[in-house]
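Close look at the chain arrangement
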Amino acid sequence: MTDQSLLELKRLLSLTYETYSSHLQIANAATMSSTEQPISDVASDDGESVNSIFEDILDAVEASDLEEGEDNEFESEQLLSEEKCQEMKTYLRAYGEQKFLLKYLFNSESDARDLSELPIREVLYALGIRSRLVLEGFDETAMVQLLQLAVTRELSRRLPLDDVTTLDDTISLIKNAKNIVLLTGAGISTSLGIPDFRSDSGIYKKLETMGLSEPQEVFDLHVFREDPSIFYTFSREILPTVTRFSPTHAFIKLIQDNGKLLTNYTQNIDNLESYAGISTDKLVQCHGSFAFATCQNCGHKVPGQELFSDISIGVVSRCKQSAPTESDNSSSSSRKRKRKPIDGDEDEQDADESTDAAYQTQCNGVMKPDITFFGEALPKTFETRLLGQDVDDCDLLICIGTSLKVAPVSEIIRVLPGHIPQIYISRTPCTHAEFDVSLLGNCDDIVEYICNKLGEGWELKHEMITENGFNGEVVKTADRIYKFIRPSGADERQVMDVKTQGECKNDELDEAEAKPESDAEEIIPESGS
């Protein structure tokens, strides 16, 4: 491990600790049984919970060690037996953080005034921190900070159910459930060529290559208010260019058609659920969508498609609603006369000035698509529906195509009662949460397999699925974990020919036809984990 890598990891840990208190608020709010403190009000600007930030540290450690080719993990006999680790975690859950630390950290043999005398490494090891880099490379102060995060993560973990452990259990649960809650993310749309945000080929990485040092600023509300041109310059990368929906969207519609869909919480802004036929009274678009846009000056709302032409060429879209006051008319007219031509065409500028009287009657405020920016509250329906209905009525939670990295939506898995079965379907595993069963692979393949097993009434009809159904291999790779492996060449056969469909609005989608699905972490190789 290089000194530079070690310094970078310590920097990440320091930044994490600085936001620890604010993230702890999210964890506390998520366990409340009333709306005394709205979940949406305690979301931090960076949008990640303490659990997911903790995982970012571990991901960075593991990635660095893999690059160096080191055997980073301690062997169990070097510190504690697995039996001892389980004993300590059980004690933590039974007696709480204070008694746990008094028993295992500040014991009679330790001098609490000297951090070097405390068995911090042993406690971290028991809580699952097995990285040699951390246990040997971090000083005691850094490890104490990490220990606080580790204890919080362990206490917030939902324990998997003893009677839900297999793929057959999953099929049975879907067949017998009456009120299914679905939490969906970018992984259900990437098979259509729509990029996700956090993967190596996602939106944020693409924005970095276009010169943005902080790509998330494109979706920062304060930045948008100061300079909306930043969003309009780069937002063409996320502009919905397809009106089709994936087989996974069709699966959600089947759940609805069978009278089992309680709520679909979607983090996607592509609005494809509407094309799939998901009822608006069953859908919560947690992060909004491009379906509508709102003037930031007068509040006038228009269909989002009215902005698409401006977004596609990087021009700030303005409100064409009649201005409410004479002063507003004058102000907007002045701003319009000063606008530079998009392509430097002087004739266009002359045309603008010749129609000045028309602009004087328009609001000319900045239009913002109704997507939820960082620093902006989630729709009220998210909180009212989750805490006012779903927390009581839900009998099965299925998370599909999401890495569960963005709070407060990711907190749904902890807001729902622990006895409710939870199933995870995605390309890569979610390591910061405990699901009863995890089904890993292409989301479309997995839902196709499930529908075949469910039988009558669950026929999944979609152009993108194989004629004979999923014919790959299903492998149980670990307890509660199943991997769906496509046969060689299946990706090419299952790609939709968007040109022949006649519904694609942008030829750029052709380049992404064969883009594999991902949810924000590295893709699992077809040959194995």
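All figures in this text were calculated on a predicted structure; none of them were measured in a lab. (Residues numbered from 1 in each chain as written. Predicted model: local features only at pLDDT ≥ 70, side-chain atom pairs only at ≥ 80, totals over all residues. Heavy atoms only, no water.)

**Brief notes about the overall build of the protein chain**
For the protein chain, the count of helices and strands is 22 helices and 11 strands. Here the analysis covers contacts within the protein chain between residues at least 6 apart in sequence; of these, 71% occur between residues at least 24 apart. (Helix = DSSP H or I, 4+ residues; strand = E, 2+ residues; numbered from the N terminus. Contact = heavy atoms within 4.5 Å.)

**A look at the packing of helix H4 (residues 82-104) against helix H7 (residues 140-156)**
Between H4 and H7, the shortest axis-to-axis distance is 10 Å and the interhelical angle comes to 140°. When the axes of H4 and H7 are compared, the pair comes out oblique. As for the relative orientation of H4 and H7, their crossing is left-handed in sense. Judged by residue contacts, Lys89, Leu92, Arg93, Glu97, Phe100 and Leu101 of H4 engage Leu147, Val151, Glu154 and Leu155 from H7. (Axes fitted to C-alpha atoms, helices over the stretch in contact; angles between N-to-C directions. Parallel < 35°, antiparallel > 145°, perpendicular 65-115°, else oblique. Left-handed = near helix turned anticlockwise from the far one by under 90°.)

**Things to note about the pattern of salt bridges**
Under the definition given, this model contains 11 salt bridges. A salt bridge links Arg93 to Glu154; the shortest N-O distance between them is 3.8 Å. Of this pair, Arg93 sits in helix H4 while Glu154 sits in helix H7; the two residues are 61 residues apart in sequence, bridging distant segments of the chain. Given a relative accessible area of 8%, Glu154 falls into the buried group. (Salt bridge = Lys/Arg side-chain N within 4 Å of Asp/Glu carboxyl O. Buried < 20%, exposed > 50% of the residue type's maximum accessible area, 1.4 Å probe, protein only.)

**Describing the packing of aromatic side chains**
Considering all chains together, one arrives at 15 aromatic pairs under this definition. A centroid spacing of 6.4 Å and a plane angle of 75° characterise the contact between Phe219 and Phe231, whose relative ring orientation is edge-to-face. Residue Phe219 is found in the loop between helix H9 (203-209) and helix H10 (221-226), and its partner Phe231 is found in helix H11 (residues 229-234); the two are separated by 12 residues along the sequence. The buried category is assigned to Phe231, whose relative accessible area is 1%. Between the aromatic rings of Phe290 and Phe308, the centroid separation amounts to 6.3 Å while the plane-to-plane angle is 75°, which identifies the pairing as edge-to-face. Residue Phe290 is found in strand E4 (residues 288-295), and its partner Phe308 is found in helix H14 (residues 305-313); the two are separated by 18 residues along the sequence. (Phe/Tyr/Trp six-rings, centres within 6.5 Å; stacked < 30°, edge-to-face > 60°.)

**A closer look at the nonpolar core**
Residues Ile174, Phe251, Ile398, Ile425, Leu439 and Ile450 are the most contacted members of the largest nonpolar core, which totals 39 residues. Of all the elements, helix H20 (residues 443-454) adds the most residues to this core, at 7 residues. Look past the residues within four positions of Ile174 in its chain and what remains in contact with it is Ile180, Phe251, Lys260, Leu396, Ile398, Ile450, Leu454 and Trp458. Counting 28 residues, the second-largest nonpolar core is a separate cluster that includes Phe224, Leu239, Phe290 and Leu307. (Core = buried A, V, L, I, M, F, W, Y, C linked by side-chain atoms within 4.5 Å.)

**A short note on unusual backbone geometry**
Here the residue pair Ala407 and Pro408 is connected by a cis peptide bond, since its omega of 5° sits within 30 degrees of zero. Relative to the elements of secondary structure, Pro408 occurs in the loop between strand E7 (396-400) and helix H19 (412-415). Phi at Asn271 is positive, roughly 65°, even though this residue is not glycine. Positioned with a positive phi, Asn364 is a non-glycine residue whose angle comes to about 65°. Checked against the element boundaries, Asn364 lands in the loop between helix H17 (356-359) and strand E6 (367-371).

**Some points on the pairing of strand E2 (residues 261-266)**
Most of E2 sits inside the fold, with 6 of its 6 residues counted as buried. Pairing analysis gives 5 bridges linking strand E1 (residues 180-184) to E2, with the strands arranged parallel. Among the inter-strand pairings, Leu183 is bridged to a residue of E2, identified as Tyr265. With 3 bridges joining them, E2 and strand E3 (residues 283-285) adopt parallel strand pairing. Residue pairing for E3: Tyr265 is matched across the bridge by Val284. (Pairing = 2+ DSSP bridges.)

**Points about the pairing of strand E10 (residues 473-478)**
Alignment of E10 against strand E11 (residues 481-485), held across 5 bridges, turns out to be antiparallel. Pairing of Lys476 across the sheet is with Tyr482, part of E11. Turn length for the E10-E11 hairpin, with the two strands adjacent in sequence and antiparallel, is 2 residues, and the turn residue Arg480 shows positive phi of about 75°.

**Comments concerning the sheet that holds E6**
Each strand in a sheet pairs with another by means of backbone hydrogen bonds, the pair being arranged parallel or else antiparallel. Pairing is antiparallel in the open sheet, where 3 strands are placed in the order E5-E4-E6. A strand with exactly one partner marks an edge of an open sheet, and here the two such strands are strand E5 (301-303) and E6. Taking each pair of neighbouring strands and ignoring which way they run, the sheet shows an average axis angle of 35°. Inspection of the sheet shows E4 paired to E5 by 3 bridges, in the antiparallel sense. Looking at E5, one finds that Ala293 is bridged to Val302. Each of E4, E5 and E6 is contacted by H14, which is oriented at about 80° to E5, the strand it contacts most.

**What about H14?**
Taken residue by residue, H14 has Leu307, Phe308, Asp310 and Ile311 as its buried positions. Those residues of H14 hidden inside the fold are in contact with H11, E4, E5 and E6. Directly beyond the C-terminal end of H14, a positive phi value near 75° is found at Gly314.

**Side note on the confidence of the model for the protein chain**
In the predicted model, the protein chain carries a mean pLDDT of 75, and 67% of its residues have values of at least 70. Confidence drops under a pLDDT of 50 for residues 15-50, and excluding neighbours within four residues, the segment shows 67 contacts in the predicted structure. (pLDDT = per-residue confidence, 0-100.)

**Digging into the packing of helix H8 (residues 167-176) against H20**
It is at 10 Å that the axes of H8 and H20 come closest, and there the two elements cross at 70°. One element, H8, and the other, H20, form an angle in the roughly perpendicular class. Handedness of the crossing formed by H8 with H20: right-handed. Two secondary-structure elements touch here, H8 through Leu167, Ile171, Ile174 and Lys175 and H20 through Tyr449, Ile450, Lys453 and Leu454.

**Some words on the state of the cysteines**
One pass over the full model with this rule turns up 0 disulfides. Not part of a disulfide, Cys363 finds its nearest cysteine sulfur in Cys295, a span of 3.7 Å. (Disulfide = S-S within 2.5 Å.)

**Let's talk about the sheet that holds E10**
Across the sheet, 8 strands lie side by side as E3-E2-E1-E7-E8-E9-E11-E10; this open sheet has mixed pairing. Unpaired on one side and paired on the other, E3 and E10 mark the two borders of the sheet. Across the sheet, the mean angle from the axis of one strand to that of its neighbour is 15°, orientation sign disregarded. The sheet strands contacting helix H18 (residues 380-393) are E1, E2 and E3, and the helix crosses E2 at an angle near 145°. Packing against the sheet, H20 makes contact with E7, strand E8 (422-426), strand E9 (437-440), E10 and E11, and its axis sits at approximately 130° to E8.

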